[in-house]
Each structure stands twice: as C-alpha cells, then as structure tokens.
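Notes for the structure review
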Amino acid sequence: METQEEITNESFFLFLGVLAGVIVAAVLAPWDDYFLANFMFYWIPQAVILGVLMSVSSRPAAVAGTAIILAFYLAAYWAWLHHVKSDDAGLAWLGYLFSLPGAAVGALFGASFIERKKYKYAKVACLILAASTLVGLALNQLLICSTVMYCRL
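Residues numbered from 1 in each chain as written. Predicted model: local features only at pLDDT ≥ 70, side-chain atom pairs only at ≥ 80, totals over all residues. Heavy atoms only, no water.

Of regular secondary structure, the protein chain possesses 5 helices and 0 strands. Walking the protein chain from its N terminus toward its C terminus, one meets helices and strands in the order α-α-α-α-α. Residue pairs in contact within the protein chain that sit at least 24 positions apart in sequence constitute 69% of those at least 6 positions apart. Accessible surface, the protein chain: about 9,000 Å² in total, of which carbon and sulfur atoms supply 73%. (Helix = DSSP H or I, 4+ residues; strand = E, 2+ residues; numbered from the N terminus. Contact = heavy atoms within 4.5 Å. Areas by Shrake-Rupley, 256 points an atom, 1.4 Å probe, with all protein chains shown as cover.)

On to the confidence of the model for the protein chain, then. When the pLDDT values of the protein chain are averaged, the result is 87; 90% of them are 70 or greater. Mean pLDDT values over the elements of the protein chain span from 87, in helix α1 (residues 4-28), up to 93, in helix α2 (residues 35-56). (pLDDT = per-residue confidence, 0-100.)

Okay, the packing of α2 against helix α3 (residues 60-84) next. Contact pair α2 / α3: the axes reach a minimum separation of 10 Å and the direction vectors enclose 165 degrees. As the angle between them shows, α2 and α3 are arranged roughly antiparallel. Viewed along their axes, α2 and α3 form a crossing whose handedness is right-handed. Where α2 approaches α3, its residues Tyr42, Gln46, Ile49, Leu50, Leu53 and Met54 are matched on the opposing element by Val63, Thr66, Ala67, Leu70, Ala71 and Leu74. Taken together, the residues that form the contact of α2 with α3 break down as 10 nonpolar, 2 polar and no charged. (Axes fitted to C-alpha atoms, helices over the stretch in contact; angles between N-to-C directions. Parallel < 35°, antiparallel > 145°, perpendicular 65-115°, else oblique. Left-handed = near helix turned anticlockwise from the far one by under 90°. Nonpolar A, V, L, I, M, F, W, Y, C, P; charged D, E, K, R; others polar.)

Okay, the pattern of salt bridges next. As enumerated under the stated definition, the model contains 1 salt bridge in all. As a salt-bridge pair, arginine 59 and glutamate 10 come within 2.8 Å of each other at their nearest N and O atoms. Note that arginine 59 is positioned in the loop between α2 and α3 and glutamate 10 in helix α1, a separation of 49 residues in sequence. Residue arginine 59 is classed as buried on the basis of its relative accessible area, which comes to 8%. Look at glutamate 10 and you get buried, because its relative accessible area is 3%. (Salt bridge = Lys/Arg side-chain N within 4 Å of Asp/Glu carboxyl O. Buried < 20%, exposed > 50% of the residue type's maximum accessible area, 1.4 Å probe, protein only.)

Summed over the entire model, instances satisfying the criterion amount to 13 aromatic pairs. Look at phenylalanine 35 and phenylalanine 39: their rings are 6.0 Å apart centre to centre, the planes differ by 20 degrees, and that puts the pair in the stacked class. Of this pair, phenylalanine 35 and phenylalanine 39 both sit in helix α2, 4 residues apart, which is roughly one turn of the helix. One aromatic cluster is present, formed by Phe41, Tyr42, Tyr73, Tyr77, Trp80, Trp93 and Tyr96 through successive ring pairs. (Phe/Tyr/Trp six-rings, centres within 6.5 Å; stacked < 30°, edge-to-face > 60°.)

With that settled, the discussion passes to empty space enclosed by the protein. Under the defined criterion, the tally for this structure stands at 1 cavity of 30 Å³ or more. Around the largest cavity, the lining residues are Ile49, Val52, Leu53, Ala104, Ala107 and Leu108. The set of elements that each furnish at least two residues to the lining of the largest cavity consists of α2 and α4 (89-117). Tallied by class, residues from the lining of the largest cavity come to 6 nonpolar, no polar and no charged. (1 Å grid on protein atoms, 1.4 Å probe; cavity = no way out; pocket = protein on both sides within 12 Å on 5 of 7 lines; lining within 4 Å. Points joined across faces, edges and corners; volume = space filled by probe spheres on them.)

Looking now at α2. For α2, spanning 22 residues, the distance from its first C-alpha to its last is 32 Å, which sits close to the expected 32 Å at 1.5 Å a residue. The largest bend in α2 is about 35 degrees, located at tryptophan 43, with the proline proline 45 one to four residues further on. If you check which residues of α2 are buried, you get Phe39, Tyr42, Trp43, Pro45, Gln46, Ile49, Leu50 and Leu53. (Expected span 1.5 Å × (residues − 1). Bend = angle between axes of the 7 residues up to and from the residue.)

Here we take up the side chain of threonine 133. Mapped onto the elements of the fold, threonine 133 is located in helix α5 (residues 122-147). Discounting chain neighbours no more than four positions away, the residues touching threonine 133 are Thr66, Ile69, Ala103, Gly106 and Ala107.

Here you go:
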C-alpha cells in the first residue's frame with residue numbers, strides 16, 4: 001500500500017508533466033490573434049490522451065511519463081518542421097495529429113502492462129509508460145512517413 005506522501009509525490013510529477021506540455025504548446029503557438037486556436041491545436045490532443053490514460057491507470061507517475069514524452073514530441077516535431085522549411089507547413093502539422101494515436105496505443109499498452117505487473121516503484125512505472133508511449137509514437141510516425149507524408153530530414 002502506498003503512503004499519502006508517495007501519492008502526493010506522484011501527483012506532483014504528473015502536474016509537472018502536464019505543465020510541461022502546456023508550456024511547450026504556449027511557447028510554440030504564435031502570439032497573434034490566433035494564439036488560442038493554435039495553443040488548443042497543440043495541447044488538446046495531448047490532454048485527450050492523458051485524460052483517457054488517467055481513466056484507466058491508477059498511477060499518476062505513469063501518466064506523468066506519457067505527459068513528458070508528449071511535451072518533448074511536440075517540441076521535437078516543431079523543431080523538425082522548422083528545420084525542413086516546408087512550403088506546406090500547415091498541412092505538415094497533420095502529421096503531428098496523425099501520429100498521436102500511436103502515442104495513445106503505446107500508452108494504453110504500457111498502462112495495461114503496469115497494472116498486470118503491479119510495479120511498486122513510481123520511477124519504474126513512469127519509465128515504462130514513457131518508453132511505451134515513445135515506441136507507439138515512433139512506430140506510428142514511421143507508418144505515416146512511409147505512406148501518406150514525405151518526411152525528409
């Protein structure tokens with residue numbers, strides 16, 4: 001049985017993970033008349049994945065692992081997009097949206113694995129879910145880049 005202090009620490013790390021996603025989305029959204037729409041485009045898909053994951057996972061630390069990976073992925077996708085200097089950057093953001101189902105599947109797989117194994121340590125649960133989310137994202141992005149989107153480096 002976990003103590004109240006352990007649950008509070010896990011919840012704090014979940015808060016930090018969600019905050020990281022919010023900050024990345026706010027920084028990347030252009031600060032103009034469409035800021036709120038852009039911010040929501042970046043962050044709402046992450047919030048949906050985290051909401052679904054919170055409904056099926058009992059470990060806040062595990063959900064924190066997914067939140068951190070999603071925040072890093074958003075920043076990495078933005079950096080890649082600005083590196084390639086594409087003329088159709090608006091459409092390229094659809095690649096970001098279409099890769100997120102892979103993150104959701106990976107995160108749900110990781111949450112199921114954690115629930116079955118009953119890991120005691122929060123760090124282990126966090127790392128397992130971060131890894132499974134990253135693998136899901138990578139596989140889905142690979143599928144997208146090899147079928148409907150040209151992803152040059």
